[in-house]
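The residues making up each chain are set out below.
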Amino acid sequence: MWLLTVIGLVWALLALPVIAGDFEDGRQFAASRDYPRAVASFKKAAEQGNVDAQFNLGVMYARGQGVAQDEQQAVTWYRMAAEQGDVPAQAILGFMYLQGRGVPQDERQAVSWYLKAAEKDHAEAQYSLGVMYAKGQGVAQDERQAVSWYLKAAEKEHPGAQFNLGVMYAKGRGVVQDEQQAAMWYRKAAEQGDVPAQAILGFMYLKGQGVTQDDRQAVSWYLKAAERGHPWAQYNLGVIYAKGREVAQDEQQAVMWYRKAAEQGYTDAQYNLGVMYARGRGVAQDEQQAVVWYRKAAEQGDADAQYNLGIRYADGKGVTQDYIEAHMWFSLAAAAGEERAIKNRAMVEEKMTRAQIVEAQQRASAWLKTESK
């Protein structure tokens, strides 16, 4: 997972020492939210070569503060500052070229400006340069270089770089595979609140990968990520509650976490929620709700959900009995490797006319063609 984020400056005005003249006036106007007068003062100072005024003027054009938002003008002022060696301006200019904001997109130019800032120890630029080497954007792909730049940013406590360094060690990309090193970097990112790192750390504790297996630690890290909306963590927490691993078994809690993940489109959670409704586990049994969630998972290609949806159409459970729909879903499940669906499809065919079978086959074929696009 590559976390190429917006420049860490978040377009914020710099907190700068007091400087006399137009720049200081602009800074005071900006602090009091009198942005039009701040722009006028910064512009006077910027035209006289004040690098900080040039940078702040770029910020104000980018944000539309005191002027109409104009990213081309923002780039003009960032460039002036960057060419005078201003490191944050160099980093932002790299971002603008990468995204094609205010300038035509140009990955080579992005690399060039990121490199200038990265060589001056700008952590966000180092991280972004690592991403570009990892992906081969604007440079020849070079995972060792990616690791080198991630490491520089990670040592400055950049959570995205720490996470990506964890990925590189986990997969052995650019470095010798080392799950302990992966876990160490994931932990550093997780302790800074990086949600994907928290979720992965939960998984590593659950499986004992790179760390001593510890269900309690797994629950703790999954919970941190789940509470911040990470669907994979929510799903896994649901599984833990359903099985009662280092928590009291609680199927209502399992349903709650499955639902949170399912509502975000997480397929496995949608299927499991369907199972819970079908069996009345943690919720009142409700075949119609089971069908709702099986369908959501089935439409995302889940073979088990497709098979169970076929069963419900064949038996008329939670839906009006419909052999054509049952046949279609059994065919889709069979195509995805669900062997039970083949037998059930044959049983349904015994109750269908030849025309109905042809229609079911056509529906399945059309569905597969749509999904393959």
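Rules behind the numbers
- Residues numbered from 1 in each chain as written.
- Predicted model: local features only at pLDDT ≥ 70, side-chain atom pairs only at ≥ 80, totals over all residues.
- Heavy atoms only, no water.
- Helix = DSSP H or I, 4+ residues; strand = E, 2+ residues; numbered from the N terminus.
- Rg over C-alpha atoms; globule rule 2.2 N^0.38 Å.
- Buried < 20%, exposed > 50% of the residue type's maximum accessible area, 1.4 Å probe, protein only.
- Areas by Shrake-Rupley, 256 points an atom, 1.4 Å probe, with all protein chains shown as cover.
- Lys, Arg positive; Asp, Glu negative; His and termini not counted.
- Charge placed at Lys NZ, Arg CZ, Asp CG, Glu CD.

Peer 1: Explain the overall build of the protein to me, using residue names and the numbers behind them.
Peer 2: Along the backbone of the protein there are 20 helices and zero strands. Relative to a compact globule of 373 residues, whose C-alpha radius of gyration would be 21 Å, the protein shows 28 Å and is clearly more extended. Dimensions along the principal axes, computed over C-alpha positions, put the protein at roughly 90 × 50 × 45 Å. Counting the 373 residues in the protein, one finds 49% classified as buried. Per element, the accessible surface of the protein, about 17600 Å² overall, is 45% carbon and sulfur. Averaging the locations of the 41 positively and 45 negatively charged side chains of the protein gives two centres separated by 2 Å.

Peer 1: So what's going on with unusual backbone geometry? Residues and values would help.
Peer 2: The phi torsion at Glu157 lies on the positive side, around 70°, for a residue other than glycine. Within the secondary structure, Glu157 sits in the loop between α8 (143-154) and α9 (159-171). Residues other than glycine seldom take positive phi values, yet Glu246 does so here, at roughly 60°. With respect to the secondary-structure elements, Glu246 resides in the loop between α13 (231-243) and α14 (251-262).

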